[in-house]
Amino acid sequence: VHLERDVLLAANVQVPSGGKTHYFDDPTKPIREQGGERAVVTIGAGAWVGTGAIVLADVGAGTVVAAGAVVTKPLPDNVIAAG
């Protein structure tokens, strides 16, 4: 996880360290044995993430993430995201 300057994180925000893409190539193996790729999640300068949000992808600079939102895809700079 990389937080740029002046990022505000409210209470109970979750940013799982190094989001992971899982592979499901072999149905005979448990998911934990299938492998995947880790990636660093970056929250841009001046972004604000509301209470209870879960951030799984990058958040652009100056972006506001609403309370309780789940970020599954990268967000551009200076937007408001909810849901």
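Just above, that's the structure.
Cut-offs and rules
- Residues numbered from 1 in each chain as written.
- Predicted model: local features only at pLDDT ≥ 70, side-chain atom pairs only at ≥ 80, totals over all residues.
- Heavy atoms only, no water.
- Helix = DSSP H or I, 4+ residues; strand = E, 2+ residues; numbered from the N terminus.
- Pairing = 2+ DSSP bridges.

Visitor: Even after reading the chapter, I still don't get unusual backbone geometry, so can you show me in this structure?
Guide: Glycine aside, negative phi is the norm for most residues, and most peptide bonds take the trans geometry. Phi is positive for aspartate 6, which is not a glycine, with a value near 60°. The residue aspartate 6 is located in the loop between strand S1 (2-3) and strand S2 (8-9) in this model. In this structure, asparagine 78 takes a positive phi of about 55° despite not being glycine.

Visitor: What's the story with the environment of aspartate 26 in this structure? I'm lost.
Guide: As for its position among the elements, aspartate 26 is in the loop between strand S3 (20-22) and strand S4 (36-38). As a C-alpha pair, aspartate 26 and alanine 82 span 56 residues in sequence and 35 Å in three-dimensional space.

Visitor: Mind showing me how you'd approach the sheet that holds strand S8 (residues 64-65) here?
Guide: Here we have 4 strands laid out as an open sheet, ordered S2-S6-S8-S10, and parallel in their pairing. In this open sheet, the two edge strands, each paired with only one partner strand, are S2 and strand S10 (80-81). Across 2 bridges, S8 lies against S10 in parallel orientation. Pairing of valine 65 across the sheet is with alanine 81, part of S10.

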